[in-house]
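Descriptive analysis of the structure
Listed below are the residues making up each chain.
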Protein chains: 4
Amino acid sequence: MIIQLHPEIAAAQRSRIGETVAQFGYDAKEVITQHGIYWVCVGTAGFDIRRIGALAGVKDVHRVDAANKLVSRLWKVEDTIIDLGNTIRIGDGSCALMAGPCSVESEEQVADTVAFLVQQNVKIMRGGVFKPRSSPYAFRGLGMEGLRMFAKACRAAGIRIITEVMEQEQIDAMYDYVDVFQVGARNAQNFNLLDALGKTDKPVLLKRGLSGTIDELLAAAEYVFSNGNEQIILCERGIRTYEKAYRNTLDLNAVPVLKEKSHLPVVVDPSHGIGLRAHVPHMALAAVMAGADGLLLEIHAQPEKALSDGQQTLSFAEAASLFSKIKTLEMVRENWMDLWQ
Amino acid sequence: MIIQLHPEIAAAQRSRIGETVAQFGYDAKEVITQHGIYWVCVGTAGFDIRRIGALAGVKDVHRVDAANKLVSRLWKVEDTIIDLGNTIRIGDGSCALMAGPCSVESEEQVADTVAFLVQQNVKIMRGGVFKPRSSPYAFRGLGMEGLRMFAKACRAAGIRIITEVMEQEQIDAMYDYVDVFQVGARNAQNFNLLDALGKTDKPVLLKRGLSGTIDELLAAAEYVFSNGNEQIILCERGIRTYEKAYRNTLDLNAVPVLKEKSHLPVVVDPSHGIGLRAHVPHMALAAVMAGADGLLLEIHAQPEKALSDGQQTLSFAEAASLFSKIKTLEMVRENWMDLWQ
Amino acid sequence: MIIQLHPEIAAAQRSRIGETVAQFGYDAKEVITQHGIYWVCVGTAGFDIRRIGALAGVKDVHRVDAANKLVSRLWKVEDTIIDLGNTIRIGDGSCALMAGPCSVESEEQVADTVAFLVQQNVKIMRGGVFKPRSSPYAFRGLGMEGLRMFAKACRAAGIRIITEVMEQEQIDAMYDYVDVFQVGARNAQNFNLLDALGKTDKPVLLKRGLSGTIDELLAAAEYVFSNGNEQIILCERGIRTYEKAYRNTLDLNAVPVLKEKSHLPVVVDPSHGIGLRAHVPHMALAAVMAGADGLLLEIHAQPEKALSDGQQTLSFAEAASLFSKIKTLEMVRENWMDLWQ
Amino acid sequence: MIIQLHPEIAAAQRSRIGETVAQFGYDAKEVITQHGIYWVCVGTAGFDIRRIGALAGVKDVHRVDAANKLVSRLWKVEDTIIDLGNTIRIGDGSCALMAGPCSVESEEQVADTVAFLVQQNVKIMRGGVFKPRSSPYAFRGLGMEGLRMFAKACRAAGIRIITEVMEQEQIDAMYDYVDVFQVGARNAQNFNLLDALGKTDKPVLLKRGLSGTIDELLAAAEYVFSNGNEQIILCERGIRTYEKAYRNTLDLNAVPVLKEKSHLPVVVDPSHGIGLRAHVPHMALAAVMAGADGLLLEIHAQPEKALSDGQQTLSFAEAASLFSKIKTLEMVRENWMDLWQ
């Protein structure tokens, strides 16, 4: 059960609601976000929830049987839209493009990419400065210094930044330079990090774990939301299966299923999802038709010289060709709104 | 190495080639198909294959390092097109539609479906008469009697039939009534069945195994081809993973990867691939953008009354809406030929 | 519900039972095996089954909620023992050893192996004559000729034979030479083959599919049993997972779980289960402690010269050392009967 | 390549070695641990490593081709033994028992468990105070207060504590109360946490990720070791597969394979590995035969009242019976040292 309170609820009304909830045998957790005050109530007793709805101070009340409550469409039917300012939005029916290198490598690389994105009218740039690497001896990113340089170039061009945060302590330092915090697949169940990101007021993109389930991805989002941050983007990026012909198995089933279960926007990372440069465009376009609210793409002026993930990174020419196809498909699917009800 | 012989090669030329092949330490298997005579030669020695190409009677020779040779694009660059007559083709750049019920249930059901397909201009009907079921107590299909009835209705309407064959002994009996033999996921490595289908002259559609790899699917096709039948269609239908939010995990990565590795057409079964009726259209459209040469779809006049698979079966109204979207996407992708080189 | 009938039930009693079953809304399938007459009744109505038990001609009646009924321990509490004659048994509390080469290769190879098994007091020899191979160009076994030679050598030494049957048509030809028919992992859901083996009176060993579930393995056994053959052995042989450090992932969890759910004996194939010769002994011993009723082991006088699977095949010296350890563990676990209740 | 330096190497010798390494085109990372000074050198050039070995100040040098170097048996052949003082050891050929509740719940619970362990002569107690939970609304452990209470009871009884640490910031606070830091499956690739644990001087037990590979588990250990901490224990705890008959699929193949690849001790958690109380003993005993250096077991005075994981937790009576069987098996396997070479 989710009880949405009036923002200016009086203390007496509040305790009255608390008593009623307890009386029905429910535990309530208060959640205060950018957009509202919610009480998430967990319990098993059956009763007529209108008895809660009728109480003064209650704006709305919903029965939510799913394990993940605040992120569920069972109480919030309309889509959540992430607003990054200046008409840059994720989840508004369009397909938001987020493109950039796997790793931020140099000022020149960032400048080249920014120039390309500006030319292509792409408004969000991705790029890693803290890189989780399976070997401790591999390149682990330029760190905060790289992030400041990255941010400077993007800010000047009106481009938003999405980049990965690996631990709680980095959040404060990164805060001023980041528009969307990305949680990587390897941290998909780092609950302390999720708790901490729930206490910021910037959007958070959650990648599905290496072998994460749909329910686990929603639970990760529930962690963020229940700590106070409603601005969450879900990201399918391929799962680990027995198949070794590609890096991961892109699971596009996840797109319509997540959108049915949750009001949050769902984006797709086809670069990691197939890991083969020649086939990234096919999977990107497939993702659009599956209903993706956005795409996360690895691009590089010279993919063969990228410090990481070159084998799945598009050149600028390939990216430009793909972006134009995506624009076409966006228009096609706009007419097919029966698909998304 | 694949050596393609001139169809009217003389015996002396033939033995001369055989000697040369043996001299280089290769084992040769002769394959005679509808379209040609091939020698598939397995060995490891390196030598200049032009020495084979120069021999009289040799039409062409190709080095094919892949384990699966005859089905590889390494020797046959152009797409294989399956021609079912009367301009009904699979693999010609369009997206061939194959629709029908999971199981053939009754004359009325078949008649309704045929009428719907005729109205929609869909030329191939699917429908099972021998059903592999996980329980010995479940409905196992109408058998040969059902097939005869099914064929009669389709023939009258100019519609082609694709249906599953479960064992070698059924082939002869089914032959006159079937246009495409389907091998189900559970028989994906039934090598005796594959051998036998390689000896027919009708097209064979091979479903990927429940947890079949790309290489195993190609190997199954190699079985059929190397027994003499070049008319093979590969079918992605979802794989078994840890995820339980859907029946299978549709692996659309397989589409561009199979098309890169093989010259055979690749179709997708989104009905089994997600197993959830509401989301079949999204996955069907995604498959088109991934490059599918066709779609296998479960439809039924009254899905809720279907004897099997009702939960993933589209109603006629849903199917009609989807077919029209697919037509639109087909036209869109026709302009994007750079995707398929 | 399973109704066990008296073997000499009168026709009138039989139809009386049939009427009562139908009256409760159940469908009954009659199963006649080596050991009894059963009616497997499928339905959902709740009623007091003692009303069936009280009818004349009924020996016993059990409610069996599981999907797989005849193989379930819900109606047959005591272990099924497979008796191969001359005190050779599988499922009697001991750990039956089945050893031999992957493929039967030559008379000399068979003679060497038989001599070794006799010396080691191992009573069952494995060896393939029909080999399912992923490539159509690989060695596919010596066929019937090999089987006759294999059988001659084993019969002379009092050794039983287990070998794989790949299709229904082979059953009759193989019948005289085989003591246990093995169904391979790739045919685990070849329902026509299972039906046919259910009509023989020789024991059948069912390997779990490449990514077969526990329920699917039991369903395969239900196919055999419901066709009339109670002599079934279940075999865990490793499953397909994302892990590539070994050929398969041996799933020993399956052993106690299968033994809890079913009365059938459960054996383990550690050779395929790990696929690495040096570690086969560890996994064999682990299987004994997990409760295996037997082990299927690949051995060869010269593993490095084996025509197939050499990398997972034990030499005779390694096998002898392992056999003696297994004997020790058998005695140890005999004292721990609390583990198996 | 791993170069082991003399502990009191002179600065001049050090720079001489550095120059030689660089001259061969290698990058060197210096690692200073409890036991030595190592230079881990990454590069691809081939040269005679004796040229390094001959330099003054070099104790030993080894070519290590594996991606994970310091944890590899390629340079350190003898087993690493974790010494917890007072003759409590992991990795010395015995099977170390670590038992206790999933979560520390109360003083009484801890006291009962400690008393039981003392009586059973079990020297290491497990128990969680920070619990990673898939739902943010579930019980998340007693935290530091619980840990202090837990430690007090164990210290008084001479029992060592192993408990999970979830993030870097907890390390200092927990340090005084913990004997072995456990990293949970969900943090298996939390590289910042691994880095930080590499800087402590207490042993670290690394659980394999939910779908972690053998190589990833070794890489996690390489993170810890390369930060300066050699005291690492690897733990197999079941992997995520398609099979839903049990919570996880215990992968005992991992035990001999990890022990072959690495010098680190390998322990098994059969409680999580099968997740079914009745079958935990079978899997524990199987793990002993697979070669486990220890077992992590969930036990509780009243499993049915445990706050978490009750369905896989042994009662004290069940645990006592299992411990005695494990002791027997330990003696049996001691005689089979040929298994572990």
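Located above this text is the structure these notes cover.
Worth saying up front: this structure is predicted, and the values here are computed from it rather than measured.

Overview of the side chain of T80 of chain D
Note that T80 of chain D resides in the loop between β4 (58-62) and β5 (82-83). Other than its neighbours up to four places away in sequence, T80 of chain D contacts I90, G91, E230, H263, L264 and P265 of chain D.

Digging into the interface of chain A and chain C
Tallying the contact residues gives four residues for chain A and four residues for chain C. Taken together, both faces of the contact between chain A and chain C bury some 350 Å²; the carbon and sulfur share is 76%. Summed over the shared surface of chain A and chain C, the result is zero salt bridges. The interface formed by chain A and chain C includes two residue pairs in polar contact (both at pLDDT 80 or more). In terms of residue class, the side of chain A that touches chain C is made up of one nonpolar, one polar and two charged.

Focus on the sheet that holds strand β2 (residues 27-32) of chain C
All names here are of chain C. Overall, antiparallel pairing links the four strands, which are arranged β2-β3-β1-β4 in an open sheet. Sheet topology places β2 and β4 (58-62) at the edges, where each strand pairs with a single neighbour. In this sheet, neighbouring strand axes are inclined to one another by 20° on average, regardless of whether the strands run parallel or antiparallel. As paired strands, β2 and strand β3 (residues 37-42) are joined by six bridges and run antiparallel to one another. Along β3, the bridge assignment pairs D27 with V42.

Here we look at the interface of chain B and chain A
Contacts between the two partners involve 43 residues from chain B and, on the opposite side, 43 residues from chain A. At the boundary of chain B with chain A, total buried surface from both sides reaches about 3300 Å², with 68% on carbon and sulfur atoms. When the buried area of chain B at its contact with chain A is split by residue, Y242, N253 and H282 of chain B rank highest and sum to 21% of it. With a shortest N-O distance of 2.9 Å, R208 of chain A and E243 of chain B are connected by a salt bridge. Here chain B and chain A share 22 residue pairs in polar contact (both at pLDDT 80 or more) between them. Put simply, the parts of the chain that give the side of chain B that touches chain A at least two residues each are α8 (254-261), α9 (270-274), α10 (280-290) and α11 (316-334) of chain B.

Concerning the packing of helix α7 (residues 214-226) of chain B against α8 of chain B
Residues and elements named next belong to chain B. Closest axis-to-axis distance for the α7/α8 pair is 11 Å, and the angle between their directions is 45°. Considering their axes alone, α7 and α8 lie oblique with respect to each other. Viewed along their axes, α7 and α8 form a crossing whose handedness is right-handed. Across from I214, L217 and L218 in α7, the residues of α8 making contact are A254, V257, L258 and K261. For the contact of α7 with α8, a count of residues per class yields six nonpolar, no polar and one charged.

Section: the pattern of salt bridges
Under the criterion given, the structure shown has 68 salt bridges over all chains. Put simply, D92 of chain A and R89 of chain A hold a salt bridge, and the shortest N to O gap is 3.5 Å. The residue D195 of chain B makes a salt bridge to R140 of chain C at a minimum N-O spacing of 2.6 Å. Of this pair, D195 of chain B sits in helix α6 (residues 191-197) while R140 of chain C sits in the loop between β8 (124-126) and α4 (143-157), which puts the two residues in different chains.

Details of the sheet that holds strand β14 (residues 294-298) of chain B
Residues and elements named next belong to chain B. Ordered in space as β7-β8-β9-β10-β11-β12-β13-β14, the eight strands form a closed barrel in which the pairing is parallel. Between one strand axis and the next, the sheet turns by 25° as a mean value, whatever way the strands run. Here α7 sits on the sheet and contacts β11 (204-207) and β12 (232-236); the angle it forms with β12, its principal contact strand, is near 160°.

Some details on the relation of the copies chain B and chain A
Each copy superposes on the other: chain B lies on chain A with an RMSD of 0.1 Å after a rotation of 180° and an axial shift of 0.0 Å. Put plainly, the chains are arranged around a two-fold axis. By C-alpha distance to the rotation axis, the residue of chain B lying nearest is A286 of chain B, at 2.0 Å. The overlap is high: 100% of the interface residues of chain B also sit at the interface in chain A, so the same surface is used on both sides.

Focus: the packing of aromatic side chains
In this description, a pair of aromatic rings is defined by centroid distance and the angle of the planes. Scanning the entire structure with this criterion turns up 28 aromatic pairs over all chains. Ring geometry for Y26 of chain B against F47 of chain B: centres 5.5 Å apart, planes inclined by 85°, an arrangement best described as edge-to-face. With Y26 of chain B in the loop between α1 (11-23) and β2 (27-32) and F47 of chain B in the loop between β3 (37-42) and α2 (50-53), the pair connects residues that are 21 residues apart, well separated along the chain. Residues Y26 of chain B and F47 of chain B agree in their burial class; the two are buried. Through a chain of ring-to-ring contacts, three or more aromatic side chains come together here, namely F24, Y26 and F47 of chain A. Above the face of the Y175 of chain B ring, K202 of chain B is positioned so that its terminal group lies 4.3 Å from the ring centre.

Cut-offs used in this document
Residues numbered from 1 in each chain as written. Chains lettered and ligands numbered in written order. Predicted model: local features only at pLDDT ≥ 70, side-chain atom pairs only at ≥ 80, totals over all residues. Heavy atoms only, no water. Helix = DSSP H or I, 4+ residues; strand = E, 2+ residues; numbered from the N terminus. Contact = heavy atoms within 4.5 Å. Buried area = accessible area lost by both parts, 1.4 Å probe. Salt bridge = Lys/Arg side-chain N within 4 Å of Asp/Glu carboxyl O. Polar contact = N/O pair within 3.5 Å; in protein donor to acceptor, adjacent residues only side chain to side chain. Nonpolar A, V, L, I, M, F, W, Y, C, P; charged D, E, K, R; others polar. Pairing = 2+ DSSP bridges. Axes fitted to C-alpha atoms, helices over the stretch in contact; angles between N-to-C directions. Parallel < 35°, antiparallel > 145°, perpendicular 65-115°, else oblique. Left-handed = near helix turned anticlockwise from the far one by under 90°. Least-squares fit on C-alpha atoms with pLDDT ≥ 70 in both. Phe/Tyr/Trp six-rings, centres within 6.5 Å; stacked < 30°, edge-to-face > 60°. Buried < 20%, exposed > 50% of the residue type's maximum accessible area, 1.4 Å probe, protein only. Lys NZ or Arg CZ within 6 Å of the ring centre and 35° of its normal.

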